Amino acid sequence: MKKVLVAGGAGYIGTLLSAELVERGYDVHVVDLLWFGNHFNKRVNVSERNIVDLRPEDLEGFDSVVFLGGLSNDPMAKYNPSMNFVENSAVPSYLAFAAKEAGVPRFVYASTCSVYGYTANKLLDEESDSISPQYPYGISKLSAERSIINMTDNKFRPIALRKGTVGGWSPRMRFDLVVNAMTKSALTDGVITVNNPSIWRPLVDVRDVVSAYVRSIESNIELSGVYNISEDNYTIGRLADVVKDTLVERGHEVSIETRSVQDFRNYKVLNTKAQMELDFKPRFTPRDSVLSILKNVKNGIDFEDKKYYNIKMFKEKF
Amino acid sequence: MTGDLCVRGFYKETGMSSEKISVFGGTGFIGGRFCEKYNNNAIKIPRDSRVPQSKQVLYLISTIHNYNVFDDPHLDINTNLTTLIETLEQCKGTDAVFNFVSSWFVYGQTKDLPANEGSNCNPRGFYSITKRCAEQLLISYCETFNIKYRIFRLSNVYGVNATKVSIKRNALQYLANEIVQGRDINLYNAGSDIRDYMHVDDTCRAMMVCMDSAPLNEIINIGSGTPQQIGQVMNYVKEKTKSKSELVPVTPPDFHKKVQVKDMYLDITKLKSLDFTPEKDFWNQIDRIIDISKENGE
């Protein structure tokens, strides 16, 4: 049975990924401080522990290590710059270093398309040299990504997945991601507020993200490098239309309110490399993400509960 | 805060300055020498304080090598990142100029030599990674909270520091001393590795010149800009002292290969543009290290 360690694996993506890996017969170990609780069944070994406390000997015998920890968005990075660089740059670099020392062949790092920053209307691939994140979150993620990829050798084969903005339902749910936030807003207020309809974002359903991690873990060990993971690129304006149309079909009354707020995060990416090399084939659109939320939200859900918003929980803890 | 009545470029013109400088990390090899050399300017900040006492801040607190990682990775993180942010917190809302001392290690392995301030950074080893993180943290923090800063990327700093020498710390002096004492030394890659050595006094003066007249919010390499082959330097020491020690070529251990950089020297065009020239002749200083090693014996 192949062993996988998922560091920071109790979050939005990790909860689904770990369950999927268990289903596929992996021996899954999660290391996480459990800020957002434990949503696993008993088949996942969960250890409430700081990632930096892991030593190489703790990682010996694992076939893959996946890093999903750290701060997850710009507001958290802005709120606590120190933790941002510690948790998003230093800690994943350390874990990769320790994994390499322990002889773990595959390391998968949760990167982000936020590393692209503002790129006007250029379509970017992984080899684009014009990457210039302007915000601490993107800077810290790119810093770790480069450190980790820089450790590549014949025996240590890291993969960094630059994910678009993720959406859809997870047992450890978030309503601070654009598709999910629009859906929540439409369901609670009947209105989707669009701050800037012209900016671009690559989007991806969380189930496809899970597939991307599985593909990375199971890929030929010779593969290594950086991969964009997205279903497609959407303007925020078109996304609002998709969310609205999906909900209207299901009998909800929804309108769109458009504002004109400047946003310096504007990027669209190509996912061809992941398709060609990892055989990553996205199956879900933002419409599917909305439907997955509709299917899973329970009557009486408190959408404003702080547990659904990383920055609220984070501010309470720090 | 005190000592703000300083005219830019005054030190460069006259070699004198009345400006006060809060020195964090003033007990280490470089910080200690800086405080000694500029004792009228330097305010040595106590180890447990994060509060600057002047507009100019010289921040040298840091681990110094790549070998802490498996004993205690928290050490590199806490020293190089957490303490830095605690100090930056105290600079918020002030007119502080935060001069951060970084290292050539942030460049990592590169064929783009001499490394200039715009060269890509590919740090190897956890110390090097945290130093690069610290630079990025500093820049984004200072931009967010409108704090002025400079980053000094120092080359290998050498000098005579009798008490704290080892293969990991002041290695040049350590190896030279071993040869003077007639002991064999191991040379990785047959001594072909290249380094950029700058005397600690020149390093301190360069930092002073930069604090006096370098543009704000920039990175500045501080080094000699001269590549020196380690084997050549050690052969010089051996010949000069007629030592019987052997310079033994050895293959670097795996960990060393992972974290170390074979060749490095710095492009110091920016530093030179401030009319800075090193005063200490490298080979004369090696002679001095030899003399002191002879005097000190074991």
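Residues numbered from 1 in each chain as written. Chains lettered and ligands numbered in written order. Predicted model: local features only at pLDDT ≥ 70, side-chain atom pairs only at ≥ 80, totals over all residues.

Right, let's get into the confidence of the model for chain B. Residues and elements named next belong to chain B. On average, chain B scores 89 in pLDDT, and the residues at 70 or more come to 92%. The lowest-confidence element of chain B is helix H1 (residues 10-14), averaging 67 in pLDDT; the highest-confidence one is strand E9 (residues 218-222), averaging 98. Across residues 1-6, confidence stays below pLDDT 50; counting only partners more than four residues off in sequence or on other chains, it has 16 contacts. (pLDDT = per-residue confidence, 0-100. Helix = DSSP H or I, 4+ residues; strand = E, 2+ residues; numbered from the N terminus. Contact = placed C-beta atoms within 7 Å.)

Interface size is often expressed as the accessible area that is lost when the parts come together. Listed by partner, the interface residues are 18 residues for chain A and 22 residues for chain B. Those elements that provide at least two residues to the side of chain A that touches chain B are helix H4 (81-101) and helix H5 (136-149) of chain A. A per-element tally of the side of chain A that touches chain B places H4 of chain A first, with 9 residues. Grouping the constituent residues of the side of chain A that touches chain B by class yields 10 nonpolar, 7 polar and 1 charged. (Nonpolar A, V, L, I, M, F, W, Y, C, P; charged D, E, K, R; others polar.)

Residues and elements named next belong to chain A. Here 3 strands make up an open sheet; going across it, the order is E8-E10-E12 and the pairing mixed. With partners counted over all chains shown, the strands left at the sheet margins are strand E8 (165-167) and strand E12 (232-235), one partner each. Each adjacent strand pair in this sheet contributes to an overall mean axis angle of 45 degrees, direction not counted. As paired elements, strand E10 (residues 200-205) and E12 share 4 bridges and run antiparallel to each other. Of the residues in E12, the one forming a bridge with Leu203 is Asp232. (Pairing = 2+ DSSP bridges. Axes fitted to C-alpha atoms, helices over the stretch in contact; angles between N-to-C directions.)

Moving on, we get to the sheet that holds strand E1 (residues 21-24) of chain B. All names here are of chain B. Read from one edge to the other, the open sheet built from 6 strands follows the order E2-E1-E3-E4-E5-E9, with strand pairing classed as parallel. The two strands at the open ends of the sheet, each matched to only one other strand, are strand E2 (42-44) and E9. Ignoring strand direction, the axes of neighbouring strands in this sheet form an average angle of 25 degrees. In terms of strand pairing, strand E5 (residues 148-154) meets E9 through 5 bridges, oriented parallel. When the sheet's bridge partners are listed, Phe152 is paired in E9 with Ile220. Sitting on the sheet, helix H4 (residues 126-145) touches strand E4 (97-103) and E5, and the angle it makes with E4 is about 160 degrees.

Burial of nonpolar side chains together is a common tendency in soluble globular proteins. In this structure, Ala7, Val65 and Leu95 of chain A together with Leu81, Phe98 and Met207 of chain B are the most contacted members of the largest nonpolar core, which totals 176 residues. Looking at this core element by element, the count peaks at 11 residues for H4 of chain A. Contacts of Phe98 of chain B, omitting those with residues within four sequence positions, involve Val57, Tyr59, Leu88, Cys91, Cys142, Ile147, Lys148 and Tyr149 of chain B. (Core = buried A, V, L, I, M, F, W, Y, C linked by C-beta atoms within 7 Å. Buried ≥ 20, exposed ≤ 12 C-beta atoms within 10 Å, placed from the backbone.)

Residues and elements named next belong to chain B. With respect to the secondary-structure elements, Ile268 resides in the loop between helix H8 (254-259) and helix H9 (269-272). On the neighbour-count criterion, Ile268 (26 C-beta atoms within 10 Å) is buried. Sequence separation between Ile268 and Asn116 is 152 residues; the distance between their C-alpha atoms is 7.3 Å. Apart from residues lying up to four places away in sequence, Ile268 is in contact with Asn221, Gly223 and Gly225.

Below, the discussion takes up H4 of chain B. Residue and element names in this part refer to chain B. Here H4 spans 28 Å end to end across 20 residues, near enough to the 28 Å set by a 1.5 Å rise per residue. Most of H4 is tucked away: 15 of the 20 residues are buried. A positive backbone phi angle near 55 degrees is found at Asn146, which sits one or two residues after H4. (Expected span 1.5 Å × (residues − 1).)

The subject of this paragraph is the environment of Thr112 of chain A. Residue and element names in this part refer to chain A. Topologically, Thr112 is positioned in strand E5 (residues 106-112). Judged by local crowding, Thr112 falls into the buried class, with 23 C-beta atoms found within 10 Å. Thr112 sits 26 residues away from Gly138 along the chain, and the two C-alpha atoms are 7.6 Å apart. Not counting residues up to four positions away in its chain, the partners in contact with Thr112 are Lys141, Arg162 and Lys163.

The omega angle of the peptide bond from Leu113 of chain B to Pro114 of chain B is 0 degrees, so this bond is cis rather than trans. Within the fold, Pro114 of chain B resides in the loop between E4 and H4. Its identity is not glycine, yet Asp279 of chain A carries a phi of approximately 60 degrees, on the positive side. Inspection of the secondary structure assignment puts Asp279 of chain A in the loop between helix H9 (272-278) and helix H10 (286-296). Located in the positive-phi region is Asn189 of chain B, a residue other than glycine, with phi close to 50 degrees. Tracing the backbone shows Asn189 of chain B in the loop between strand E7 (185-188) and strand E8 (194-199).

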